[in-house]
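# A look at the structure
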Amino acid sequence: MVRQRSIFSLIFVLLATFLISCGGPSVATLPPSYTAAEVAKIQEYVPGIKAVRDRAPELQNLIAKGEWIKVGNFIHGPMTEARSNMTYVIPNLALQNQAKARQISKDLLKDLVKIDQAATVGNTSQAFSNCKDVFVDIDKFLELVPEQSS
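Residues numbered from 1 in each chain as written. Predicted model: local features only at pLDDT ≥ 70, side-chain atom pairs only at ≥ 80, totals over all residues. Heavy atoms only, no water.

### Describing the overall build of the protein
If you tally the helices and strands in the protein, you get seven helices and zero strands. Beginning at the N terminus, the succession of helices and strands in the protein can be written as α-α-α-α-α-α-α. For the protein, the proportion of its 150 residues judged to be buried stands at 31%. Residue pairs at least 24 apart in sequence account for 74% of intrachain contacts in the protein once pairs closer than 6 positions are excluded. (Helix = DSSP H or I, 4+ residues; strand = E, 2+ residues; numbered from the N terminus. Buried < 20%, exposed > 50% of the residue type's maximum accessible area, 1.4 Å probe, protein only. Contact = heavy atoms within 4.5 Å.)

This is the structure we're talking about:
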């Protein structure tokens, strides 16, 4: 019986040593990698998002002129389309980027609502402030999108 206990002790020590050695320090997280098909799928939607970002001066000009109906049309047209493109891209991003991208998309929506509210009451300064936030959000989102490999 004493001999069995010493054998069991030896087995448990070896097992514990093995398990502890396998549970070493965590490995550094590698940057996300995408397959060519994933990048192609994501890149289908990126031009629409970039096109709206490039139209920032147009929205700022409409706000400066106080053309609130056109501001509303811009928000509910091209800006909403860009946001829907963002929602199509999010599931195709790397897992570690999806939560950030969803939060940016939510922030974008909040900023668009604030511009719409400012347009309703004709508040130019608030509309300008939120307009800048919208395009900052779009730029943050585009930083998460993988570049198309040539």
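### Description of the side chain of N130
Within the secondary structure layout, N130 lies in helix α7 (residues 124-144). N130 sits in the buried class, given a relative accessible area of 5%. In this structure N130 touches D111, K114 and I115, once residues within four positions along its chain are discounted.

### Section: the nonpolar core
General note: in soluble globular proteins, nonpolar side chains tend to be found buried as a group. Counting 34 residues, the largest nonpolar core has V71, M79, V134, F135, I138 and F141 as the members making the most contacts within it. What F141 contacts, discounting residues up to four positions off in sequence, is I49, M86, V89, I90, A101 and I104. (Core = buried A, V, L, I, M, F, W, Y, C linked by side-chain atoms within 4.5 Å.)

### Some details on the packing of helix α5 (residues 68-89) against helix α6 (residues 95-121)
One way to put it is that α5 packs onto α6 with a least axis distance of 10 Å and a crossing angle of 170°. Considering the angle they form, α5 stands roughly antiparallel to α6. Contacts between α5 and α6 involve W68, V71, G72, I75, H76, M79, R83, M86 and T87 from the former and I104, S105, L108, L109, L112, I115, D116 and A119 from the latter. Taken together, the residues that form the contact of α5 with α6 break down as 11 nonpolar, four polar and two charged. (Axes fitted to C-alpha atoms, helices over the stretch in contact; angles between N-to-C directions. Parallel < 35°, antiparallel > 145°, perpendicular 65-115°, else oblique. Nonpolar A, V, L, I, M, F, W, Y, C, P; charged D, E, K, R; others polar.)

### Some details on a positive patch on the surface
A cluster of basic residues, R102, K106, K110 and K114, forms a positive patch on the protein surface. By the secondary structure assignment, K110 is in helix α6. (Patch = residues over 30% accessible without salt bridge, like charges linked within 9 Å, V, L, I, M, F, W, Y side chains within 5 Å. Areas by Shrake-Rupley, 256 points an atom, 1.4 Å probe, with all protein chains shown as cover. Salt bridge = Lys/Arg side-chain N within 4 Å of Asp/Glu carboxyl O. Lys, Arg positive; Asp, Glu negative; His and termini not counted. Charge placed at Lys NZ, Arg CZ, Asp CG, Glu CD.)

### Looking at the pattern of salt bridges
Following the criterion strictly, the structure yields four salt bridges and no others. With a shortest N-O distance of 3.5 Å, R53 and D54 are connected by a salt bridge. For R53, a relative accessible area of 27% corresponds to the partly exposed category. The class for D54 is exposed, based on a relative accessible area of 52%. Notably, a salt bridge pairs D139 with R53, separated by 3.5 Å at the nearest N-O pair. Taken together, the positions of D139 in helix α7 and R53 in helix α3 (residues 46-54) put the pair 86 residues apart, joining distant regions of the chain. Under the relative-accessibility criterion, D139 is labelled partly exposed at 33%. What you see here is one network of salt bridges that share partners, running through R53, D54 and D139.

### Digging into the packing of helix α4 (residues 56-65) against α5
Taken N-terminus to C-terminus, the directions of α4 and α5 make an angle of 150°; their axes are 8 Å apart at the nearest point. In terms of orientation, α4 and α5 fall into the roughly antiparallel class. For the pair α4 and α5, the sense of crossing is left-handed. In contact with E58, L59, L62 and I63 of α4, α5 contributes W68, K70, V71 and F74. (Left-handed = near helix turned anticlockwise from the far one by under 90°.)

These figures capture arrangement, not role.
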